[in-house]
Amino acid sequence: MLTKFETKSNRVKGLSFHSKRPWILASLHSGVIQLWDYRMGTLIDRFDEHDGPVRGVHFHKSQPLFVSGGDDYKIKVWNYKLHRCLFTLLGHLDYIRTVQFHHEYPWIVSASDDQTIRIWNWQSRTCISVLTGHNHYVMCASFHPKEDLVVSASLDQTVRVWDIGALRKKTVSPADDILRLTQMNTDLFGGVDAVVKYVLEGHDRGVNWAAFHPTLPLIVSGADDRQVKLWRMNDTKAWEVDTLRGHMNNVSCVMFHAKQDIIVSNSEDKSIRVWDVTKRTGVQTFRREHDRFWILASHPEMNLLAAGHDSGMIVFKLERERPAFAVSGDSLFYAKDRFLRFFEFSTQRDTQVIPIRRPGTTSLNQSPRTLSYSPTENAVLICSDVDGGSYELYVIPRDSIARGDAVPEAKRGAGGSAVFVARNRFSVLDKSSNQVLVKNLKNEVVKKSGLPITADAIFYAGTGNLLCRAEDRVVIFDLQQRLVLGELQTPFVKYVVWSNDMESVALLSKHAIIIASKKLVHQCTLHETIRVKSGAWDDNGVFIYTTLNHIKYCLPNGDSGIIRTLDVPIYITKISGNTIFCLDRDGKNRAVVIDATEYIFKLSLLKKRYDHVMSMIRNSQLCGQAMIAYLQQKGFPEVALHFVKDERTRFNLAIESGNIQIAVASAKEIDEKDHWYRLGVEALRQGNAGIVEYAYQRTKNFERLSFLYLITGNLEKLSKMLRIAEVKNDVMGQFHNAMYLGDVRERVKILENAGHLPLAYVTAKVHGLKDVVERLADELRDDIPSLPQGKAPSLLMPPAPIMCGGDWPLLRVMKGIFEGGLDNMGRGGADEDEEAADGDWGEELDMVDVDGLQNGDVTAILEDGEVAEENEEEEGGWDLEDLELPPEVDTPRASVSARSSVFVAPTPGMPVSQIWIQRSSLAAEHAAAGNFDTAMRLLNRQLGIKNFVPLKSMFLDLHSGSHTYLRAFSSTPVISLAVERGWNESASPNVRGPPALVFNFSQLEEKLKAGYKATTVGKFTEALRLFLSILHTIPLIVVDSRREVDEVKELIIIVKEYVLALQMELKRRDMKDNPVRQQELAAYFTHCNLQTPHLRLALQNAMTVCFKNKNLATAANFARRLLETNPPNENQARSARQVLAAAERNMTDAAQLNYDFRNPFVVCGATYVPIYRGQKDVSCAYCGSRFVPSQEGKLCTVCDLSVVGADASGLLCSPSQIR
């Protein structure tokens, strides 16, 4: 049993399928009638006017009607389109058990517990016949599908067959008068319309159901004696043929299957049983846990059944209808009616190849499930569910495809699924041991291989490979190497379809399609609400698939759509061009021609094959809102523009794609205020002042016009606006225009005319218009306002515009891909477009009719030619001249780039500082971009730096030094521009270089020299400052080559030694009262790695200090070392020799020093004690200074930046280190 749909509800007593739509009616014990869509699994409607259980329900074959009968003695006829009951038929005196429409006449038959059967005319809404004769409840009554018979079953243990021929003759109006006379007699004297033809007795208990066979003279009945009886009838009599026993409780409903020789019955024993009519034996039983079955219904045209039980209903099929098939090149092998058949796609020739044995068992679902074909050996593997899963191998003789007579012997074996994996090898899945057996064509096992997952099916996945399916995943397994080549989590996969080149695979599950590569790398997933049935790949790599009611496509990026609707499900076998070859459920080959334009168009867009797109736009009828929305969503509004005839949509798309010219043309056609306003906004965004002005003029938007003239510096037009405001008597408008013009006299005049004399007086007084002040003072007399004391008035003038006159210079924009091709399309040729654009634009503005006031020239536009030249000279330069144009060229014209019919506005770019950050791991560049946070994080990671205070000023210098700032004019914010390193004239404008940095390596070399100089002359504090500043700058240096990186690292070591040495020397000088420590520090000074001149000075210094403190042996050592450096200064050499001579007389030390010059050591940078070779130490992550272990985790005292002993990746100061 294949359950297709299940509902949970009250007890279901009546069921009826719709003949055409995927609908089923269920009438419930609660009095509700439900209308379900069993394909979508949704409740469409519910009807609840009955009082008490509704036991019978039936759809009309062709009208939008259904009838129901219930325990309220009422028969109701409903119209499901109007969602209401049309009328109620009254007459029965007890519960109504069943109702049914006649297939041809406007009749309804009803059976009732009042022991009668009634036939009603639903058009005249009357009862036309009452069939009496049963002497207990009548449990069911139904019309014969072809003849004038009614069968009924009753609890009086009989089944009756009634002849209603007379009723039919009466309904079909009599042809002659004699007949009409007899008709009248019968009406008058109570003739009989329906007579009992047979009474079938044989059941021992009440009969619950009886039904006719759709074509043969058979009746089946089920009763409370738990038996199903089969009856045969002829013209004169009816007799019992056989009894089917097996149910354990009352049989509630029974019927013949329309397509197969079987009887289906259900019972209160909670089972549905299937019986073979010819053998009269039970074939299969389906049981439920807790629910008794009450009713069965079969679909009038499809292979579907439904059963109602205590807690809902199920819609099911008894057998799969999908034919097993395999495609190989131009041929298709498929199984149909116990035969293997062959179909050639090119010639559409269909032949029978060999008979396939039908299994000996009687159970259902034994037909072939899958088919696998090996073209080289001409062998076919057929798998079915016989014996819990088995396969048969047929090797077809070459010539038998033509003849179909020789029957080769099949080789058989057990196994859930079997597929060919090579020319003469096939794999069989052994589920019990979860391994695959590879067999040859003699059906002998060649190899066994354990599977990596618990598989329940295997599919072909290329030579030697298998695709194994588990509940929630699939894997590709290489049988040769026993390796998993790919794995993917999926819903339960039912079918696998490989593309022709074996590069892609589609995995079909019940409600999803997963497309993956040959290694099972996921590409996209599609979800369907309706069950997916089949699919195949077309030549373009598009996957075409079918659901129960559609053929659909899926593009490589996951976009999908409907190609066409289906009446009945089909199974796609192959796609060739625009033809889909498929098998239907009857196993017939069909070819369906489809229109592939839509998906080929989308595929071309996706693959950027714009030439295809162009030709398709020109030649096809691709249009409609869906396609326009798709193009818009995918970022091609300019293409959508060429599909659209509707002006409003054209306008929206033109605005979106920045195509001012088309937008203007559409706005003219629409001519609505809102559209002109939006056009103005877009034109202003593009800096197309002429069109902005035109749009404002069309909507008579004077305030905006005035402001536009102010910012474009068009004073002449502003004064015209002032006159227009005067004529319109718009006082505020006049005042604003006078303000924008900076015309004080005009402002005073306006205030005076408006009656604001005090304000007029103040304005005139402040601006020093003496004549006006005097005149106004006379008028005001005592009301002269006083001006505030001690305030200096300033002149309120409009700011000078950045750019006067015409349109903004535009960026050079690459033409859109479609421009060239689409220019001559759309609405006539390009010339017409140009003309149309110009023709209308010089029109006079009828803002107001005043003598001598021409507003047609309230426009100021650059001539195209001039803009083009200017753009070539310097990109993005401002043009600061107000053009004195003669009135006849004053017609707005779409801006430079808009000359072609599609202007593609450039997309806003990324800020340069962001580009710098994206590409760089160098802290200096992050600081230059203003991203101090990441710069600090980088320095911490690379050099362990924790103290950023010394670096703060450098960060700020780097940031401000890599930007330059422009002040445009007083009221705008300052514009910052990025300064790039190594920029030159020939650099590409779209490629961004790294930031210019204020610190460079050569500066450090200069500082180093200055440090040496200061050290030589003994300015130790100055020297220490210089060396420290070098140490603090190095983390923010960027150099180009690897060689320079080495030099920077060398510089750190040199400077670190000097910083340590100078720090010790300065500390020594501060110690006046500790001669031993003074001597030690002087001694350590000589062990820093210094330049030779500085070393000599250090040695001389140490020698002097020790000699003075009577440490002669130590002093002698320094003197000896000093002489070894060959000092050029004679004084130094002489004093060294003298010290040596004095020491030789008395080789002793007055004080013991912590200093052993024979044992190599380094000096701790914090405690200034020697760390001898072999002793533990820790070092600074940045400068490399050494420290005693107790200093770990503290700030380095030498560089003052990094943490001693921190983990760090090392100095990064060049892009060459990153490549």
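Sequence order sets the numbering: in each chain, residues are counted from 1 along the sequence as written. Confidence filtering applies because this is a predicted model: local features only for residues at pLDDT of at least 70, side-chain atom pairs given and counted only at 80 or more, and all residues used for totals across whole chains, interfaces and linings. Each side-chain value is worked out from all heavy atoms of the structure, with water and hydrogens disregarded.

## A look at the overall build of the protein chain
The following threshold applies: Per the convention used, a helix needs a DSSP run of H or I reaching at least four residues, while a strand needs a run of E reaching at least two, with both numbered from the N terminus. Buried residues are those whose accessible area, probed at 1.4 Å on protein chains only, stays under 20% of the maximum for their type, while exposed residues exceed 50% and partly exposed ones sit between those limits. Two residues form a contact once any of their heavy atoms are found within 4.5 Å. Areas reported as accessible are Shrake-Rupley estimates using a 1.4 Å probe. Residue values count occlusion only from the protein chains shown.
What the protein chain contains, in helices and strands, is 31 helices and 61 strands. Counting over 1219 residues, the protein chain shows a buried share of 52%. When contacts within the protein chain are restricted to residue pairs at least 6 apart in sequence, those whose partners lie at least 24 apart make up 49%. Accessible surface, the protein chain: about 57200 Å² in total, of which carbon and sulfur atoms supply 50%.

## Points about the pattern of salt bridges
Keep this limit in mind: Any Lys or Arg side-chain nitrogen found within 4 Å of a carboxyl oxygen on Asp or Glu counts as a salt bridge.
Within this structure, the stated rule accounts for 43 salt bridges. The residue Arg1025 makes a salt bridge to Glu1022 at a minimum N-O spacing of 2.9 Å. Of the two residues, Arg1025 and Glu1022 are both situated in helix H26 (residues 1020-1033); the distance of 3 residues between them amounts to about one turn of the helix. Judged by its relative accessible area of 33%, Glu1022 falls in the partly exposed class. Between Glu1080 and Arg1077 there is a salt bridge whose closest N-O contact spans 3.1 Å. Pair noted here: Glu1080 and Arg1077 are both in helix H28 (residues 1075-1085), with a separation of 3 residues, about one helical turn. Taking relative accessible area as the criterion, Arg1077 reaches 13% and is therefore assigned buried. Among the charged side chains, a salt-bridge network with shared partners connects Glu6, Lys8, Arg288 and Asp291.

## Looking at the nonpolar core
Keep this limit in mind: Buried Ala, Val, Leu, Ile, Met, Phe, Trp, Tyr and Cys residues form a nonpolar core when they are joined through side-chain atoms within 4.5 Å.
Among the nonpolar cores identified, the biggest contains 91 residues, and Leu939, Phe1027, Leu1031, Ile1034 and Tyr1182 are the most heavily contacted of them. For this core, the element with the highest residue contribution is helix H27 (residues 1042-1070), accounting for 11 residues. Here Phe1027 is in contact with Leu1008, Gly1011, Tyr1012, Thr1015, Val1055, Tyr1058, Val1059 and Leu1062, once residues within four sequence places are set aside.

## Digging into the sheet that holds strand E48 (residues 522-527)
Put simply, the test is: When DSSP finds two or more bridges between a pair of strands, those strands are recorded as paired. The angle between two axes is taken between their N-to-C directions and runs from 0 to 180 degrees, where each axis is a line fitted to C-alpha atoms and a helix contributes only its stretch in contact.
Spatially, the 4 strands line up as an open sheet ordered E45-E46-E47-E48, and their pairing is antiparallel. Edge positions in the open sheet fall to strand E45 (493-498) and E48, since each of these has one partner strand only. Within the sheet, the average angular offset between the axes of one strand and its neighbour, ignoring direction, is 20 degrees. Sheet analysis places strand E46 (residues 504-509) next to strand E47 (residues 512-517), joined by 5 bridges and oriented antiparallel.

## With respect to the packing of aromatic side chains
The line we're drawing: Aromatic contacts are taken between Phe, Tyr and Trp rings whose centres are within 6.5 Å, Trp giving its six-membered ring; a plane angle under 30 degrees counts as stacked, one over 60 as edge-to-face, and the others as tilted.
Applying the stated rule across the entire model yields 33 aromatic pairs. Taking 6.3 Å as the distance between ring centres and 45 degrees as the angle between the ring planes, the aromatic pair formed by Tyr1155 and Phe1157 counts as tilted. With a relative accessible area of 11%, Tyr1155 lands in the buried category. Ring pairing ties together the aromatic residues Trp23, Phe47, Phe59, Phe66, Trp78 and Tyr80, which thus form one cluster.

## A short note on the sheet that holds strand E19 (residues 218-223)
Taken in spatial order, the 4 strands of this open sheet run E18-E19-E20-E21, and their pairing is antiparallel. Only two strands of the sheet have a single partner each, and these edge strands are strand E18 (207-212) and strand E21 (238-245). Here the strands of the sheet are splayed against their neighbours by 20 degrees on average, with no regard to which way each runs. As judged from the 5 bridges shared by E18 and E19, these two strands associate in the antiparallel manner.

## Here's the deal with helix H15 (residues 744-753)
Under the convention used in this document: Whenever two N or O atoms come within 3.5 Å, that pair is a polar contact, provided that in protein one can donate a hydrogen and the other can accept it, and provided that, for residues adjacent in sequence, both atoms are side-chain atoms.
With 7 of 10 residues buried, H15 lies mostly within the body of the structure. Among the residues making up H15, those that are buried are Val744, Glu746, Arg747, Val748, Ile750, Leu751 and Glu752. Turning to H15, the residues buried within the fold contact helix H13 (715-728), helix H14 (731-741), helix H16 (757-766) and helix H17 (770-780). Sitting at the head of H15, Asp743 places a side-chain oxygen 3.4 Å from the backbone nitrogen of Arg745. Downstream of H15 by one or two residues, Gly755 has phi in the positive range, about 90 degrees.

## Some points on the packing of helix H29 (residues 1092-1108) against helix H31 (residues 1130-1145)
Threshold: Crossing handedness follows the turn of the near helix against the far one: under a right angle anticlockwise gives a left-handed crossing, and clockwise gives a right-handed one. Any residue that is not Ala, Val, Leu, Ile, Met, Phe, Trp, Tyr, Cys, Pro, Asp, Glu, Lys or Arg is counted as polar, Gly included; the first ten are nonpolar and the last four charged.
Taken N-terminus to C-terminus, the directions of H29 and H31 make an angle of 35 degrees; their axes are 11 Å apart at the nearest point. When the axes of H29 and H31 are compared, the crossing they make is left-handed. Listed contacts from H31 to Arg1096, Leu1097, Gln1100, Met1103 and Phe1107 of H29 are Gln1132, Ser1135, Ala1136, Val1139 and Ala1142. Tallied by class, residues from the contact of H29 with H31 come to 6 nonpolar, 3 polar and 1 charged.

## Concerning the environment of Met797
Position of Met797 relative to the elements: it lies in the loop between H17 and helix H18 (819-822). For Met797 and Gly742, which are 55 residues apart along the polypeptide, the C-alpha to C-alpha distance reads 5.1 Å.

## Quick word on unusual backbone geometry
For Lys608, which is not a glycine, the phi torsion comes out positive at approximately 60 degrees. Looking at the element boundaries, Lys608 is found in the loop between helix H4 (597-606) and helix H5 (610-619). Although it is not a glycine, Asp671 sits at a positive phi angle of roughly 50 degrees. Looking at the element boundaries, Asp671 is found in the loop between helix H9 (660-670) and helix H10 (673-685). Under the relative-accessibility criterion, Asp671 is labelled partly exposed at 43%.

## Some points on the pairing of strand E50 (residues 543-547)
By the criterion of burial, E50 is predominantly enclosed, with 5 of the 5 residues buried. Of the two faces of E50, the one carrying Phe543, Tyr545 and Thr547 and the one carrying Ile544 and Thr546 are both buried. Note: strand E49 (residues 532-537) against E50, 5 bridges, orientation antiparallel. Paired with Val532 across the strands is Thr547, a residue of E50.

## With respect to the side chain of His50
Relative to the helices and strands, His50 is located in the loop between strand E5 (42-47) and strand E6 (54-59). You can call His50 buried: its relative accessible area is 8%. In this structure His50 touches Gly31, Ile33, Ser68, Gly69, Gly70, Asp72, Lys74, Lys76 and Trp78, once residues within four positions along its chain are discounted.

## Digging into the environment of Pro214
Assignment of secondary structure puts Pro214 in the loop between E18 and E19. Apart from residues no more than four positions distant in its own chain, Pro214 is found in contact with Pro145, Lys146, Phe256 and Ala258.

## Observations regarding the packing of helix H23 (residues 932-943) against helix H24 (residues 952-961)
Spelled out, the test is: Any angle from 65 to 115 degrees is called roughly perpendicular, while one under 35 is roughly parallel, one over 145 is roughly antiparallel, and all others are oblique.
Remark: H23 packs on H24, axes separated minimally by 12 Å, with the N-to-C direction vectors making an angle of 130 degrees. The orientation of H23 relative to H24 falls into the category oblique. Regarding H23 and H24, the two cross each other, and that crossing is right-handed. Mapping the contact onto sequence places Phe932, Ala935, Met936 and Leu939 in H23 and Phe955, Leu956 and His959 in H24. Grouping the constituent residues of the contact of H23 with H24 by class yields 6 nonpolar, 1 polar and no charged.

## Quick notes on the confidence of the model for the protein chain
Formally: One confidence number per residue, pLDDT, is output by the predictor and ranges from 0 to 100.
Of the residues in the protein chain, 87% reach a pLDDT of 70 or more, and the chain-wide mean stands at 83. Per-residue pLDDT stays below 50 along residues 824-901; that stretch engages in 132 contacts with residues further than four places along the chain or on separate chains.

## Thoughts on the pairing of strand E8 (residues 75-79)
With 5 of its 5 residues buried, E8 lies for the most part within the structure. Neither face of E8 is left uncovered, since the one carrying Ile75, Val77 and Asn79 and the one carrying Lys76 and Trp78 both have all their residues buried. Counted along the chain from strand E7 (residues 65-70) to the antiparallel partner E8, the turn is 4 residues long, and its residue Tyr73 has a positive phi close to 65 degrees. Here 5 bridges tie E8 to strand E9 (residues 84-89), and the two strands are oriented antiparallel to one another. Pairing of Asn79 across the sheet is with Arg84, part of E9.

## Regarding H29
For the record, the criterion: Multiply 1.5 Å by the residue count of a helix minus one, and that product is the helix's expected span.
The terminal C-alpha atoms of H29 lie 24 Å apart, and with 17 residues this matches the ideal 24 Å at 1.5 Å per residue to within 8%. Turning to H29, its buried residues are His1094, Leu1095, Arg1096, Ala1098, Leu1099, Ala1102, Met1103, Val1105 and Cys1106. On its buried face, H29 sits against helix H25 (1001-1016), H27, H28, helix H30 (1112-1124) and H31. Taken from the residues just after H29, Lys1110 is the one with a positive phi, measuring 65 degrees.

## Thoughts on the side chain of His257
For His257, the position within the fold is in the loop between strand E22 (251-256) and strand E23 (262-267). Overall, the relative accessible area of 6% leaves His257 in the buried class. A polar side-chain atom of His257 sits 3.1 Å from a polar atom in the side chain of Asn303. Those residues in contact with His257 that sit more than four places away from it in its chain are Ile262, Asn303, Leu305 and Leu318.

## Side note on the environment of Leu332
As for its position among the elements, Leu332 is in strand E30 (residues 331-336). The exposure class of Leu332 is buried, given its relative accessible area of 0%. Residues Leu332 and Phe343, 11 residues apart in the sequence, show an inter-C-alpha distance of 5.0 Å. Excluding residues within four positions of it along the chain, Leu332 makes contact with Phe325, Ala326, Val327, Arg341, Phe342, Phe343, Phe345, Thr573, Leu583 and Asn589.

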